[in-house]
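Per-entry structural report
Read off the chains here:
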Amino acid sequence: MGLKPTQQRLRCFVTGLALAGGCRWQRLRAQRQVQDAVNDLSIAAMLLLFGTIAPSSHWMSLGLPGIALVAGVMALWRLPWVMLLGPVVPAIHGAREAALVGWFGPIGVGAIFYAAMVQRTEGQDEAFAVASLLEAVSVVAFAVATSPLVRHHAAR
């Protein structure tokens, strides 16, 4: 008898907690470095794969509603919430830091996975087109903004 997806995710989460709790901190730090390197490589591979399957022709068919959706999501994704909660978070010092932290919140590749699952199980091609468009715009926007914003923030 197979587990439901929610039960599988819960099992993975609990296993990760148990493994992390059983490790010594030095060993855990070394494992994190390896895990970060594997994560960087997997993200590069995922972006390469995403570039090959991106439905750019379907993006164009979304037209003005697609542009409005992208603009709305980019404007409301994290920035207003971090600006609002910035004074409560001790790690954020001032409105400038809150704006910087709030801007950098790309939509993860998990959105592509879930949209592909919806497309496969429900036959909703629009779900994959919208999620992939949001992912592509998010990646490009944050990649273009990273260097100038970090340099500007460091100069202050």
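Residues numbered from 1 in each chain as written. Predicted model: local features only at pLDDT ≥ 70, side-chain atom pairs only at ≥ 80, totals over all residues. Heavy atoms only, no water.

**Focus on the overall build of the protein**
In terms of helices and strands, the protein carries seven helices and zero strands. Helices and strands appear in the protein in the N-to-C order α-α-α-α-α-α-α. Computed over C-alpha atoms, the radius of gyration of the protein comes to 19 Å, more than 25% over the 15 Å expected from 2.2 N^0.38 for 156 residues, which places it beyond the range of a compact globule. When its C-alpha atoms are laid out on the principal axes, the protein stretches across 55 × 55 × 30 Å. Across the 156 residues that make up the protein, the buried fraction comes to 20%. Once local pairs closer than 6 in sequence are excluded, the contacts in the protein between residues at least 24 apart make up 65%. (Helix = DSSP H or I, 4+ residues; strand = E, 2+ residues; numbered from the N terminus. Rg over C-alpha atoms; globule rule 2.2 N^0.38 Å. Buried < 20%, exposed > 50% of the residue type's maximum accessible area, 1.4 Å probe, protein only. Contact = heavy atoms within 4.5 Å.)

**With respect to the environment of Ala 71**
Inspection of the secondary structure assignment puts Ala 71 in helix 3 (residues 56-76). Taking C-alpha positions, Ala 71 is 9.4 Å from Leu 134, a pair spaced 63 residues apart along the chain.

**Remarks on the packing of aromatic side chains**
Within the structure shown, the criterion is met by one aromatic pair. With centroids separated by 5.3 Å and ring planes inclined at 70 degrees, the aromatic side chains of Phe 113 and Tyr 114 adopt a geometry described as edge-to-face. Overall, the relative accessible area of 42% leaves Tyr 114 in the partly exposed class. (Phe/Tyr/Trp six-rings, centres within 6.5 Å; stacked < 30°, edge-to-face > 60°.)

**Re the nonpolar core**
Core analysis: the largest hydrophobic core is formed by 16 residues, its most contacted members being Phe 50, Trp 59, Val 70, Leu 133 and Leu 134. Those elements that provide at least two residues to this core are helix 3, helix 6 (110-122) and helix 7 (125-155). Counting residues per element, this core draws most heavily on helix 7, at seven residues. Each residue touching Val 70, except ones within four places of it in the same chain, is listed here: Leu 133, Leu 134 and Val 137. (Core = buried A, V, L, I, M, F, W, Y, C linked by side-chain atoms within 4.5 Å.)

**Thoughts on the confidence of the model for the protein**
For the protein, per-residue confidence averages 82 on the pLDDT scale, and residues scoring 70 or more make up 92% of the total. Helix 3 holds the highest mean pLDDT among the elements of the protein, 88, whereas helix 1 (residues 5-22) holds the lowest, 78. (pLDDT = per-residue confidence, 0-100.)

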